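# An overview of the molecular structure
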Amino acid sequence: MSQPQAAVGAAEPRVDARLRVTGKAKYAADNSPDGVVHAVLVESSVGRGRVTGVDARAAEAETGVLKVISHLNAPKLPPVQGGFPPGQRLRPFQDDRVRFFGQPVAVVVATTLEVAQHAASLVEVSYDAEPVSTDISGAEPDDDPETYARGDADGALESAPVRLDLTYRMARNHHNPMEPHATVARWDGDRLTVWEKSQSVLGAVRTLSGEFGIPPGNVRVISPFVGGAFGSAARTYVHSAIAALAARELKRPVKLVLTRRQLYFGVGFRPAYEYELSLGANRQGRLTASAHDIRTESARYERHSEHVLEPGRMLYSTPNVRQAYRHVPLDVSTPWFMRGPGYASGAFPVESAMDELAHELGLDPIELRLRNEPADDESTHLPFSTRRLRDCYTAGAREFGWHRRKPEPRSTRDGDWLIGMGMAAGVYDTQRSAAQASVRLDADGTALVQSATSDMGPGTATSMTQVAADALGLTMRQVTFRLGDSLMPPAPVHAGSQTMASVGSAVQDGCDKLRKQAITLAVNDEGSPLHGADAADIVVRGGRLYVKDEPTRGETYRRLLARNKRTHLEAMGSYAGAPESERFSFYAYAATFAEVAVDARLGLVRVRRMVGVYDAARIVNPRLADSQAIGAMVGGIGHALLEHTTTDHRDGRIVNANLADYLVPTHADIPKDLKAIYIEGEDYEADPIGVKGLGEIVIVGVAPAIANAVFNATGRRVRELPITPEALL
């Protein structure tokens, strides 16, 4: 057995921190293989229609321009492989259709980036433009809604003593990671190597092999560092295929880096929502019914769905529920997952409505939630593996000083500022997927652990090193964890807060296997001090194997391997992922508390402080967890008060496609008083290492907590995100 170590549960610094802060970490665009040339996209200037002409003569006349590729001269790709239905993916230059403003319609490849940029500006594209539809308001949804029902929601609403009929709206939000998306592609015969910003190197392999009709084994994707993503790099986009197509045509490596502006058209976004919600309750505050009618924007060429229904389905005990989730096909690029996908959007109306109901009934918002705590998951009839939401309320209220909140709006002032407190609950499902990790212990007593997972910021390499160190009985300095290469053992997409549970469990399994190998080798080795000992009595700590009750009887990994003339020991760890049929309902939970100040004359909202309390089971690294939680509070402030994509609906142009006009939180917007608390506990029903995902749950509930605090401060109920000064004046 391994001896309990100090790694898991300790606030260890990031193992790759020095590489990142010194600029030695190599991101996708930092790769420049021999002979690399540069590609720049030419984007459509209409939102819908057909390309009728591409005049590239001026561009091709520029010194250094190697080729301009469009649908007029691009090679035809084979039928899509890998399970993507025809017409459900945007493929590079395979027809003349324009499906959204900013769609790539050509690419210029040149010897330098500057030449490629200039030449791209010289390409003249003509169109047969068609009427464009980009506004979710008033557009017709498709006729295939996703639905859920239990009981008789409409009948129960009709007879409810208290009924609220509410409409909430959420603006589109766009990804703005620090690292722009980039792809470097190189062909060696029929083998493709891609350096890519990716949260799923194996997903990129599948996509690119399918696009080009080559075996997955002929594609290698490398992405050891990702400079922020939160979902934007969880799939492979058309620009990656364009880089690979250009590299194959030119028989040279091609580098393509998206501009900040191009990120708004090419890498997905949190879609806009219109959410009609009706709540029915008795006078004691027990929910009797809810009806959820949701509309979300979607691309015409590809439908995107996320779990926006779940919070309204299982967070509170409600006997009668009806839900419909409708997609509105528009002339836009396809939406994609953004931190807390579905749940963050679904929590805003649900948690705002619960606050409205509490005010209507004269109940404390926490008390109303406690009165509607379910005994089990009413959507699946399964018991919860753990549900410590009550503990989250209690700990959060105590730390935040909730008892000082005055329930009557506009009751607290600080000069010209109206002060308010609000709270909201959050939930996110505990995802787990199959994963593998290789483990190798070398003769010098150091270990190498590898898996084809990713790290977009949460500190994957650090947390996996902690798990491996404890399981092997080594210090963290003796363990190296490598990731981000499709040649490594398979791992799921680094998204959905599943990496720690999935890859961490595989790392634990592999290290357990290797440690047992070493113990077996020692007890069977006549030259070992451990010869003949019971393997079950041997523990490992600091790289030394010894008998638990005889600590002087033992030896190091190094001596054991040297005496047996072994250069290394190795094992493959695996985790099967979630079973097809679950015995429990698995979720992580949050309670977020916020205090805001609103300028009574100007309507400006400032968040003064925030406390988040999380039931996320075992915390592997509190420092990394705090980084996730504090970062999510910052992101939630953006969601609640700032972020809003503005579209010119005449042609689909995004008019604030830059960081000057698309507002994200800066240091001036963020209070110093942000605190995260973690409820102690493990969930070994969920996975072998007892963890739940943390990266998503920490943002779910932040926006409604702020909105509820704004109401408490002002008495104005704002049902639209972001909350602007205009809405409060």
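Each remark here, short or long, concerns the structure printed above.
Residues numbered from 1 in each chain as written. Predicted model: local features only at pLDDT ≥ 70, side-chain atom pairs only at ≥ 80, totals over all residues. Heavy atoms only, no water.

## A closer look at the overall build of the chain
Of regular secondary structure, the chain possesses 17 helices and 32 strands. Against the compact-globule benchmark of 27 Å for 729 residues, the chain has a radius of gyration of 28 Å, which places it among compact chains. Scored against the burial criterion, the 729 residues of the chain give a buried share of 61%. Of the contacts made within the chain by residues no fewer than 6 positions apart, 81% connect residues no fewer than 24 positions apart. Total accessible area on the chain stands at roughly 28200 Å², and carbon and sulfur atoms take up 49% of it. Between the centroid of the 82 positive side chains of the chain and the centroid of its 89 negative side chains there is a distance of 4 Å. (Helix = DSSP H or I, 4+ residues; strand = E, 2+ residues; numbered from the N terminus. Rg over C-alpha atoms; globule rule 2.2 N^0.38 Å. Buried < 20%, exposed > 50% of the residue type's maximum accessible area, 1.4 Å probe, protein only. Contact = heavy atoms within 4.5 Å. Areas by Shrake-Rupley, 256 points an atom, 1.4 Å probe, with all protein chains shown as cover. Lys, Arg positive; Asp, Glu negative; His and termini not counted. Charge placed at Lys NZ, Arg CZ, Asp CG, Glu CD.)

## Observations regarding the sheet that holds strand S26 (residues 568–575)
On the basis of which strands lie adjacent, the open sheet formed by four strands has the order S22-S21-S20-S26 and mixed pairing. Edge positions in the open sheet fall to strand S22 (479–483) and S26, since each of these has one partner strand only. For this sheet the average axis-to-axis angle between neighbouring strands, irrespective of direction, equals 15°. Pairing geometry for strand S20 (residues 435–442) and strand S21 (residues 447–451), over four bridges, is antiparallel. Of the residues in S21, the one forming a bridge with Ser-438 is Gln-450. Relative to the sheet, helix H12 (residues 460–472) contacts S20, S21 and S22, its axis offset from that of S22 by approximately 135°. Its contacts with the sheet put helix H13 (residues 499–523) on S20, S21, S22 and S26, and the angle it makes with S26 is roughly 145°. (Pairing = 2+ DSSP bridges. Axes fitted to C-alpha atoms, helices over the stretch in contact; angles between N-to-C directions.)

## Brief notes about the pairing of S26
Residues Leu-569, Ala-571, Gly-573 and Tyr-575 line the buried face of S26, whereas the alternating positions His-568, Glu-570, Met-572 and Ser-574 sit on a face that is not buried. Examined bridge by bridge, S20 and S26 share eight bridges and lie antiparallel to one another. For Val-439, the partnering residue across the bridge sits in S26 and is Ala-571.

## Overview of the packing of aromatic side chains
We describe a pair of aromatic rings using the distance from one ring centre to the other and the angle between the two ring planes. In the structure shown here, the tally under the stated rule is 15 aromatic pairs. For the ring pair Trp-336 and Phe-337, a centre distance of 4.7 Å and an interplane angle of 50° mean the geometry is tilted. Given the relative accessible area of 28%, Phe-337 is considered partly exposed. Ring pairs connect the aromatic residues Phe-384, Tyr-587 and Tyr-589, which therefore count as one cluster. Directly above the ring of Tyr-148 sits Arg-313, whose terminal nitrogen or CZ lies 4.3 Å from the centroid. Here the guanidinium or amino end of Arg-387 rests over the ring plane of Phe-384, the centre of that ring lying 4.9 Å away. (Phe/Tyr/Trp six-rings, centres within 6.5 Å; stacked < 30°, edge-to-face > 60°. Lys NZ or Arg CZ within 6 Å of the ring centre and 35° of its normal.)

## What about the environment of Lys-24?
For Lys-24, the location among the structural elements is in the loop between helix H1 (17–21) and strand S1 (37–43). Taking relative accessible area as the criterion, Lys-24 reaches 65% and is therefore assigned exposed. Lys-24 sits 274 residues away from Ser-298 along the chain, and the two C-alpha atoms are 40 Å apart.

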